Every structure is written in C-alpha cells, then in structure tokens.
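This is what each chain is made of:
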Amino acid sequence: MKKIWKKYEHNKLAHGIFLLIYIGVTSLSLYLAQKSVTAFLLLLSSLLLLYYTKFTNLTKWLVAGIVLVFLLPFTASHGDAYQSYMEVSTLVGIYIAMALGLNIVVGMAGLLDLGFVAFFAVGAYTYSIFASSQASHFMPFGTFPLSGESFWIFIVIGCLVAALFGILLGIPVLRVKGDYLAIVTLGFGEIIRIIFNNLDRPVNITNGAMGIPSVTPPRLFGIDFLYPSQFYFIVLVILLITIFTVRRFEHSKIGRSWKAVRENEIAAQSMGIPLVRTKLLAFAIGASFSGMMGVVFAAKQAFVDPTSFTLLESFTILVMVVLGGMGSVPGVILGASVMTILNLQVLSELTNWLNQLSLSGIISIPYALSPAKMQRLIFGAILITFALYRPQGLIPAKNRRFDEKELQRLNRKAISENKKIEQKGV
Amino acid sequence: MPILEVQNLTKKFGGLTATQEVSMTVEKSSITAVIGPNGAGKTTFFNMITGIYQPTSGIILLENEKINGLKPHDVSKAGISRTFQNIRLFNQMSVLENVLVGMHTHLKAGLLGILFNLPVIRKEEKEAEMHAYHLLDYVGLADLLNEKATNLSYGAQRRLEIARALAANPKVLLLDEPAAGMNPKETKDLTELIHRMRQEFNLTVILIEHDMKLVMEISEHIVVLDHGVKIAEGKPEDIRNNPKVIEAYLGSGAVQAG
C-alpha cells in the first residue's frame, strides 16, 4: 500500500487523472442532484485537492479558474438551489478576502486586531450612503442615489477610505503592543459600529439603527446586478486581485519587513525597518481588502445596518485566520472557506435535517439546541482545539524556498570573476 | 580620522545612572573593544549609539554628523549596524530571509513596483538574493539557507546575526558579546572572521566582549567601563597592566596582592 502511495505521490499523470475524475464525478453529481449540498461541497473541495497536486502554479490557477468560472456556476445552475449556492459561494469569497486582509495584520505583522470588521463596515457604508437617497439628507449638492455604474468606482473608493481608516486607527493604536493592542482595536471596532448606529442626528448620515434600505445595485452595460449568481463573478475578480496582491507583498521587501517586525521589533528597527510606517502599511492594506468587499456586500444585500458589523464578525474572521494558519495564504483561504460553509451550509442543513426528523416524530430536539444556534459554541470549540493541538493551523505558513543550486552557481561565478579582475589589476 | 565620536554620554534610568559622561573616539577601520564587569553600562552604551535608547545628555557623531536623537532605523541607514547580546534573529524566517531583511534600506522597491512586479524590482530582488547568499557563504552558513533561523545551533545563530548586520553594508559594526557561549574553536573562527571582515569591507568594528583572550588578540584600542564610568582607555598591553582595570575586575585586594 505504501509503495503504491509512494509511486502515486510523484506521478503527475496519476494526479491529473485522479483530479479529472474527481471533478467530473462531483460536477456530474451536482448537475444531476441539484439539491445535494454534499455534491456542491465535494466539487468545491476539488480545489483543495488541486492545491496538493504537483502541477506548476500556472496549471493550478488555470484549473481553479475553469472550476470556479465555468464548472461551478454551470453545474449548479439547473435547479432551485442555484441562487443559494451562489449566495454561499459569494459570501465565501467575501470572507476569504477579509481573512486575507486580517492575515496581513495578524498573521504577517503580528498585530492582534479584534476590531477588523470596522473596515468592512466603512466600505459598506461608503457605498450605501451614496448609492441610496441617504446622501441627500446631508449633501447640499448632487442628486442621489448615484447610478449603478458608480459601483465600480466605489470599489476603489471603498478600498481607499478603508485604508485611510486603517491608518487613522493605526496612528494612536500602534503606541501599544500585544494584549493592549488587542483591547484597543476591540474598542475601536465597537466604536465604529456604535457611531454608525447613532449618526442619524443631528445630521442624518447613516440613518442610525434603521439602516440604509434600497441601495442601488451595480450596473454594467445596462445590466443590473441583482442576483448572487451575478455578484459571484464580481467577488471572484476582486478575490483574484487580493490574492495576487497578497502573494506579491508576501515575498517582497514589504512582506519581509512585516514578518521581521512580528518576529523581533528591536532587531527589525536596528536593520533599518521603520516600525510605525511598516505597521501602518499592514493596517492600511489589510483594511483596504475589507473595504472593497464591504462595498460589494452593501450592493449585494441592498440594505446595510449596524447589526451586520458586530464583534462576532470580527471574531469569526479571526477564527478563520487562526484555523487556516496564521501567515499562510492558502491556509487562510481554506480556513475562511471552511468557516463560512460550516456556518451557512452545514449548520443550516443540519438544522433542516433535524427539523425534518422531529417533524416526522423520530426524535425531538428542543429549538434552543438546533445546530444553527450553536455557531458560537462551535467557533469557540474550534479555536480552543486548534490553539491546543495545531497552533500552526490547517496549512501552516511556509517560508519561500530559495533555489540553493542556482544561488551556489551564481555565487561561484561571481567569485571567480572577481578573482580575474583582481589578477588583471595586479 | 575618527569615524565615530562620543562626547560625555550619560544615561539615567530614574535614579540609576547607567553611563556617566563617557567619551571616546573610534578611528576608521579600527577594532575597538569595550570591556568591563557585568552591569558596567556597556550594552546601554551600544543601545544609545544605535538609537534604541536616547541619551540623557551627550553627543554622538558619525563622520562629524550628529546621530543622537535619530530613530534606530535612521541610525541603521546612517551606517551603523549591530548584533545583539541575547540573540535577536527573526526566528520563524529562513536564514536567507534574515539576511535579506538586513538589506532593507538598500532595496528601492516601492509599493507600486512590488504590486506590478516590475522588471526592475525582480532584478533587484534577484541581486539581493545573490548578495545575501554571498554573505552567508562568507560566514559559512550557505548550506543552511532555507533552514529556519530558530533551528540553527548557537554559534551559527551568532554568525547569522553578523551576516545580517553586514547585509546593511554598514560603516561601523557593533558586536555585542559575539563570542558568548562559543567553544574555543568557534571563538578562534570568529576572531579570524572579524579580521577578514574588517579588511574586506573596510569596516570599523566595536565589540563588547568578556573573553579577554579574544579582546587582547583582536583589538587595537580598548575602553574600560565600570559602574557607568570610563576608567581606562588605551592599547591592549596598557590595559592589561592598568591597576584600575585589575581592581575593577578582581577587587581592590588583587592589586595589593599583585
């Protein structure tokens, strides 16, 4: 058995065939059994399998693209559950982007931020205020709501405004470290929510606890984006951008300086890394991801109120990062997917199933014990379990591997060239 | 020509005076040792030069430019690099990455350049990797480049700190007890390494060290601190026979007995 596995482990062709069969079977079963959540989940987990194959990155991205852009929407599109699947997928995308943002702050720069959802709220409110009649309450000029076409600009604006808030928060907050930082950011998260909750007088900016209704849907070439199946593609594009951004930063001078600050502040400073600026940059970039997705979220829900941005949301995102693996991009993507799907699909399906069972009289479960109500319990349990038994997360962060042979060769070449120059000089 | 000049440097922590009116000059391309019993204020002295502590009073000049009041990262940019007494590596990062962090100030990559992965940036990164590898090779850690820093042996960690400090391409290198915890063979290699570094990089080295054999062998100038005060200064042979120094190390009885 071990032998077969060994053989399989390094055989690309076998990987390819297996993956193809897997994707084929799961997408076919989703196509045939539209209501099967299992088939949907299995199709999604083909991406996880893909991650562990030995293909080049380009192939992996291509296959993932085909699955996400064509296969998933197509196979799911033939039944009543289509929109609910797309809704789940869209939310998964939104949470992944936020978790990636928080991962920069917590995972890479090592700054524990417990109020991260505030930036999401900032993005959401930025769009919904101007894309509804809300802005006419306090703006002396202009006609509101703005048209749906402005949505695309607002993604950038939401990104920038959230980044600005990240910096504004960072300037006072970064004076404190560790536990104190966590508490201060927690307070900040709550303050933002309460401000949005109370900013309906003297000037009505956010419409307070009532929330902002009828946010204009995005519009492109005369088509309104109304359904989750349409938002799915917007989220996919933004998600792709965020993943590329994180990847670029991770292995650059900036990513290294974040990690250096996390590992040892004094040494990092002594190596020429400006502490405050580096931390602010982490806050700003992390926040900007959240802000972009906030805009999308507001447009998708068409309604925004402060209850969407509670402390629990911040914790949920943090749990995603911890579960996936702090500082690990693939890990965080997996963590966010698992948590969101667990939350939206598995728990609610389980509740439905138990309800059916109790309706048919097989068992009876009190309402208070239904799985959907146990979200916090399960989050807590996951957090404790991981902290104790796998603190590095599902997919631990890996350092980039440098090509030793290549560097060795180049180094030898450089040394021999130097010697030649020296000899000529003599 | 002096490269580093310290005038009347004083640091007070509340009621405690860590260093009092310490002055010294360091010649370019020299090796200077700062010695003294535990608690003499040597590391405080280093921390003030590198900007981690702000001196209570006094002036620090690097090539006639005042550098006290600068933040640590600006001091690093000005050309002073250091290692730490209690090793401070970036433990979870790889050995090569540790050295790359040392090159931070010399990399020009900006936010947008990184985002769009411009060819200039890629070239710079590649060259940085090569240089970092070269430095690792120089201190003898090249074959451990992908290892996590925390997994290295004690002596190797000390050498990695030196490579990282060298990566900043400093004018002055401060070594805080580089030989602490090393066996005689490692200490010998270190001595040789310091000599080589000075020659090849045209470096000025200041070191704090308790290993007297190393200090006497390597340094051209020695400054002795005791209770925050400079009690002696001079060539190794003068320091060896200086009664004040012997007293500071061995107690007042030692001089009379000797």
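Our structure is the block above this text.
Residues numbered from 1 in each chain as written. Chains lettered and ligands numbered in written order. Predicted model: local features only at pLDDT ≥ 70, side-chain atom pairs only at ≥ 80, totals over all residues. Heavy atoms only, no water.

If you tally the helices and strands in chain B, you get eleven helices and ten strands. On C-alpha atoms alone, chain B measures out to a radius of gyration of 19 Å, which is about the 18 Å that the 2.2 N^0.38 rule sets for 258 residues. Principal-axis analysis of the C-alpha atoms places the extent of chain B at approximately 70 × 40 × 35 Å. Each of the 258 residues in chain B was classed as buried or not, and the buried ones make up 53%. Of all intrachain contacts in chain B linking residues separated by at least 6 positions in sequence, the fraction that spans at least 24 positions is 67%. In the form shown here, chain B has an accessible surface area of approximately 11,100 Å², with 51% of it arising from carbon and sulfur atoms. Here chain B carries 27 positive and 30 negative side-chain charges, and the mean point of each set is 4 Å from the other. (Helix = DSSP H or I, 4+ residues; strand = E, 2+ residues; numbered from the N terminus. Rg over C-alpha atoms; globule rule 2.2 N^0.38 Å. Buried < 20%, exposed > 50% of the residue type's maximum accessible area, 1.4 Å probe, protein only. Contact = heavy atoms within 4.5 Å. Areas by Shrake-Rupley, 256 points an atom, 1.4 Å probe, with all protein chains shown as cover. Lys, Arg positive; Asp, Glu negative; His and termini not counted. Charge placed at Lys NZ, Arg CZ, Asp CG, Glu CD.)

All names here are of chain A. For the pair helix α7 (residues 150–173) and helix α12 (residues 275–301), the least separation of the axes is 7 Å and the interaxial angle reads 140°. One element, α7, and the other, α12, form an angle in the oblique class. Considering how the two elements wind past one another, α7 and α12 form a crossing that is right-handed. In contact with F151, F154, I155, G158, C159, A162, A163, G166, I167, L169, G170 and I171 of α7, α12 contributes L280, F283, A284, A287, S288, G291, M292, V295, V296 and A299. Classifying every residue of the contact of α7 with α12 gives 17 nonpolar, five polar and no charged. (Axes fitted to C-alpha atoms, helices over the stretch in contact; angles between N-to-C directions. Parallel < 35°, antiparallel > 145°, perpendicular 65-115°, else oblique. Left-handed = near helix turned anticlockwise from the far one by under 90°. Nonpolar A, V, L, I, M, F, W, Y, C, P; charged D, E, K, R; others polar.)

Another point: the sheet that holds strand β2 (residues 16–27) of chain B. All names here are of chain B. The strand order β2-β1-β4-β5 describes an open sheet built from four strands, whose pairing is antiparallel. Of all the strands in the sheet, the pair left with one neighbour each is β2 and β5 (65–66). Judged from the two bridges that link them, strand β4 (residues 57–62) and β5 form a sheet pairing that is antiparallel. If you follow L61 over to β5, its bridge partner there is K66. Seen against the sheet, helix α1 (residues 42–49) touches β1 (2–13), β2 and β4 and runs at an angle of roughly 115° to β1. (Pairing = 2+ DSSP bridges.)

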